[in-house]
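Here's the letter readout for the chains.
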Amino acid sequence: MTQDELKKAVAQAAVEHILPLLEEDTIVGIGTGSTANLFIDELAKHKHLFDGTVASSEASAERLKGHGIPVYDLNSVPGMRVYIDGADESNHHLHLIKGGGAALTREKIVAACAEEFVCIADESKLVNVLGDFPLPVEVIPMARSYVARELVKLGGDPVYREGVVTDNGNHILDVYNLEILDAVKLESQINAIVGVVTNGLFAARSADVLLLGTQEGVKTLKA
């Protein structure tokens, strides 16, 4: 199977995973990226079973609306049963690196509000040690250089993602050459730097379930 076929298989598995949870008042959190887009397309076939969604990016919101699926502001919903999103990397503890699509802050907020966080990915994303994928850090624009200097002190090589402005109006630094052995600790250290909005480590709030598309079928990993 190609990578695209693996992504489609895991998107279908994610819909099957959440179908028992869907009721008339259910709100589903939706992530951002190519795998999340495939999930949205599959979920649209069952849009009559639930109330609506909260999206982690403007791009996902537009795709959902294109399918006729209601999209609510997070502040207007009382809670969220489940959040579905992809990842750029996952370790076996289901600690994730996210933010390749520059939506990490909204993704982290929506994940924090969900009772269950289901990550969907193809097998290439599962690693023993996080860090081969550069860690995105969303920063207030005026703090970009200061934050970069502080990230160097933590052992990383930050690179400004030129031409990218997040949905929140901020900049992204991608931090290379990190070997992330303690993801929870590093997530906290980076978030403590003045000028950082948040970083792409999802470790303090990791995924609860990882649906992994493999050549042998979709595997279910739990934290």
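Residues numbered from 1 in each chain as written. Predicted model: local features only at pLDDT ≥ 70, side-chain atom pairs only at ≥ 80, totals over all residues. Heavy atoms only, no water.

Here we come to the layout of surface pockets. In this structure, the largest pocket spans a volume of roughly 280 Å³. In this structure, the largest pocket is lined by 15 residues; those nearest its centre are V54, A55, D73, L74 and R106. Breaking the lining of the largest pocket down by element, the ones donating at least two residues are β2 (52–55), α3 (58–66) and α4 (104–113). Within the lining of the largest pocket, the residues separate by chemical class into eight nonpolar, two polar and five charged. Of the pockets and cavities examined, the second largest pocket occupies roughly 190 Å³. (1 Å grid on protein atoms, 1.4 Å probe; cavity = no way out; pocket = protein on both sides within 12 Å on 5 of 7 lines; lining within 4 Å. Points joined across faces, edges and corners; volume = space filled by probe spheres on them. Helix = DSSP H or I, 4+ residues; strand = E, 2+ residues; numbered from the N terminus. Nonpolar A, V, L, I, M, F, W, Y, C, P; charged D, E, K, R; others polar.)

Next up on the list: the sheet that holds strand β8 (residues 157–160). As summarised here, the arrangement of the four strands in space is β8-β9-β7-β10, forming an open sheet in which the pairing is antiparallel. The open sheet has two free edges, formed respectively by β8 and β10 (196–199), since each of these has just one partner strand. Direction aside, neighbouring strands of the sheet carry axes that sit 30° apart on average. As paired strands, strand β7 (residues 135–139) and strand β9 (residues 171–176) are joined by five bridges and run antiparallel to one another. Following the sheet pairing, L135 is matched in β9 by V175. Sheet contacts for α4: β7, β9 and β10; angle to β10, the most-contacted strand, approximately 70°. The strands touched by helix α5 (residues 144–153) are β7, β8, β9 and β10; relative to β9, the strand with the most contacts, the crossing angle is about 15°. (Pairing = 2+ DSSP bridges. Axes fitted to C-alpha atoms, helices over the stretch in contact; angles between N-to-C directions. Contact = heavy atoms within 4.5 Å.)

So, to be careful, I would describe these as geometric facts and stop short of saying anything about function.
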